[in-house]
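# Secondary and tertiary structure notes
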Protein chains: 2
Amino acid sequence: MNKDIPVFSLQRLPVYLNYLRGLSDDCDNNYISSGRIAKALGFGEVLVRKDLAYSGCAGRPKVGYPRLELIGALEEFLCVNARKTAVIIGAGGLGSALLSYGGFEHYGFQVPVAFDSDPAKIGTTISGKPVLDVKDLEKGCREAGAVLAIIAVPASAAHSVGEQLKAAGIKAILNFAPVQLNLGEEVKVINMDVAANLAVLSAMI
Amino acid sequence: MNKDIPVFSLQRLPVYLNYLRGLSDDCDNNYISSGRIAKALGFGEVLVRKDLAYSGCAGRPKVGYPRLELIGALEEFLCVNARKTAVIIGAGGLGSALLSYGGFEHYGFQVPVAFDSDPAKIGTTISGKPVLDVKDLEKGCREAGAVLAIIAVPASAAHSVGEQLKAAGIKAILNFAPVQLNLGEEVKVINMDVAANLAVLSAMI
């Protein structure tokens, strides 16, 4: 099942999807080979085939993958067609930017609300979306039908927020706070520490 | 050299650093074993040893790593002590949030300026930092002594901005635009597609 697929493989699937969606609809692109995909994206060809096998869409030998079918399979796999709700915790600079971000729609996400603890922010709206009191997090998540959350709070608050989200029934968290968040098997976490990734880049040059 | 270390290994090094920095200075933490680190972070112990070997700091059998020395070695490796300058391209919601973000200091980064193409933004300041005209990108990067950049522009502008950054002498880019940016061997890129990572999470639950 999806739960057993390494996250690094899963993280390449949207890359394939973006690439395939970006090709024009002319007949040269009806079928696309793993070699062509590999070359365009700078991946190994064997890796490409292994990744795309997860989607369930099979390629035809010497012809390649039927492009539109592969797009559909990847979208299905990434649950693009299921309307999913994510909430944001933290309405500071980053949280506000994410609340206003239009890119979530491409993957079928709605992000209708943010939560914060700052009285100056609670009750305001950002891009027409309300900022609610984090005290009402559990109730708010259930009412929104949310299964995903994005954490954009300071490091010191992240673990506590994570536990509250877990109690609220959230199953997956994208964490921007600069801490390694680990909430056990029931809650999947991807940590995106911006400053740490910049440090990694400077170690690479 | 650092350039040969897989980026996924490099991306774990700040995680170790954060963890080690977070421990108190009492004598129980003078030495820390790979087992203890592994357990705290949910990594395998062999992986921890392999990763920490990159830092050049050796552990003592049955005792562990000297914590402060290991912190120093990781900071050295991640160039924390070298003042490094990064610039931001795109002063929209995300770019503004990053320009105001205080977390870069923990890794020795200064982020003094952003660039944009919107006349309404050019010439303004965000958290006291100027927004300059992206037309002056090359000159601005050189004057700032920048070797790193963060891209926070729409997908349609990302490749063009990437090429301009490469021409400006930028060696590494953190890319938030939802495209796979590939600028050849001379420019290292880490792509952070927020919506795609949320999609990956929803595929995992």
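Everything here concerns the structure above.
Residues numbered from 1 in each chain as written. Chains lettered and ligands numbered in written order. Predicted model: local features only at pLDDT ≥ 70, side-chain atom pairs only at ≥ 80, totals over all residues. Heavy atoms only, no water.

### A look at helix α2 (residues 13–22) of chain A
As a reminder, the rule being used: Working definition: with a 1.4 Å probe on protein chains only, accessible area under 20% of the residue-type maximum means buried, over 50% means exposed, and in between means partly exposed. For helices the rule is a DSSP run of H or I covering at least 4 residues; for strands it is a run of E covering at least 2, with both sets numbered from the N terminus onward. Only heavy atoms enter the contact rule, under which two residues are in contact if any of them lie within 4.5 Å.
Counting buried positions along α2(A) gives 7 out of 10 residues, so the element sits mostly inside the fold. If you follow the buried residues of α2(A), they end up packed against α1 (7–10), β1 (31–32), α3 (34–41), α4 (45–53) and α5 (67–77) of chain A together with α9 (194–204) of chain B.

### Let's talk about the relation of the copies chain B and chain A
For clarity, the cut-off: The copies were overlaid by least squares, fitting only the C-alpha atoms of residues that reach a pLDDT of 70 or more in each copy.
For the pair chain B and chain A, the relating rotation is 180°, the translation along its axis is 0.0 Å, and the fit reaches an RMSD of 0.0 Å. Viewed as a symmetry operation, the transformation between the two copies matches a two-fold axis. Taking the C-alpha atom as reference, chain B places B:Leu94 closest to the rotation axis, 3.2 Å from it. Interface residue correspondence from chain B to chain A reaches 100%, placing this contact among same-surface, isologous pairings.

### Examining the interface of chain B and chain A
Operational definition: Values labelled buried area give the accessible surface lost by two parts on being combined, using a 1.4 Å probe and summing over both. Here, a salt bridge means any Lys or Arg side-chain nitrogen found within 4 Å of an Asp or Glu carboxyl oxygen. Here a polar contact is taken to be a pair of N or O atoms separated by no more than 3.5 Å, where protein atoms must pair a possible hydrogen donor with a possible acceptor and residues adjacent in sequence count only if both atoms sit in side chains.
The partner chain A presents 54 residues to the 54 residues of chain B that form the contact. For the chain B and chain A pair, buried surface summed over both sides reaches about 4700 Å², with 77% attributable to carbon and sulfur atoms. By the criterion of area lost to chain A, the three top residues of chain B are B:Leu198, B:Met204 and B:Ile205, representing 15% of everything that side buries. The interface formed by chain B and chain A contains 0 salt bridges. Along the contact surface separating chain B from chain A lie 4 residue pairs in polar contact (both at pLDDT 80 or more). Breaking the side of chain B that touches chain A down by element, the ones donating at least two residues are α1 (7–10), α2 (13–22), β3 (84–89), α6 (93–100), β8 (148–151), β9 (172–175), β10 (188–191) and α9 of chain B. Considering every element that reaches the side of chain B that touches chain A, the biggest residue donor is α9(B), with 11 residues.

### As for the packing of aromatic side chains
Just so we agree on the cut-off: Stacked, tilted and edge-to-face are the three classes applied to pairs of Phe, Tyr and Trp rings, where Trp contributes its six-membered ring and a pair requires centres within 6.5 Å; stacked means planes under 30 degrees apart, edge-to-face means over 60, and tilted covers the rest. Two limits define a charge over a ring: the Lys NZ or Arg CZ must be within 6 Å of the ring centre, and within 35 degrees of the ring normal.
Evaluated as defined, the whole model comprises 5 aromatic pairs over all chains. On the basis of an interplanar angle of 25° and a centroid distance of 4.3 Å, the ring pair of A:Phe8 and B:Phe8 is categorised as stacked. One end of the pair, A:Phe8, is in helix α1; the other, B:Phe8, is in helix α1, on a second chain. Given a relative accessible area of 36%, B:Phe8 falls into the partly exposed group. Arranged with centres 5.7 Å apart and planes meeting at 80°, the rings of A:Tyr16 and A:Phe43 form a pair that is edge-to-face. Of this pair, A:Tyr16 sits in helix α2 while A:Phe43 sits in the loop between α3 and α4, and the two are 27 residues apart along the sequence. The exposure class assigned to A:Tyr16 is buried, which follows from its relative accessible area of 0%. Stacked on the ring of A:Tyr107, the Lys or Arg A:Arg21 has its end atom at 5.8 Å from the ring centre.

### Considerations on the side chain of B:Glu75
All names here are of chain B. As for its position among the elements, Glu75 is in helix α5 (residues 67–77). Overall, Glu75 belongs to the buried group, its relative accessible area being 18%. If we skip the residues at most four places from it in the chain, Glu75 touches Leu17, Arg21, Val80 and Asn81.

### Comments concerning the pattern of salt bridges
Residue and element names in this part refer to chain B. Counting across every chain of the model gives 20 salt bridges over all chains. Here Arg12 ties to Asp51 by a salt bridge, and the two come within 2.6 Å at their closest N and O atoms. Separated by 39 residues along the polypeptide, Arg12 in the loop between α1 and α2 and Asp51 in helix α4 (residues 45–53) bring together distant segments of the chain. Classification of Asp51 by relative accessible area gives buried; the value is 1%. Glu45 is paired through a salt bridge with Arg49; the nearest N and O atoms lie 2.9 Å apart. Taken together, the residues Glu45 and Arg49, both in helix α4 and 4 residues apart, mark about one turn of the helix.

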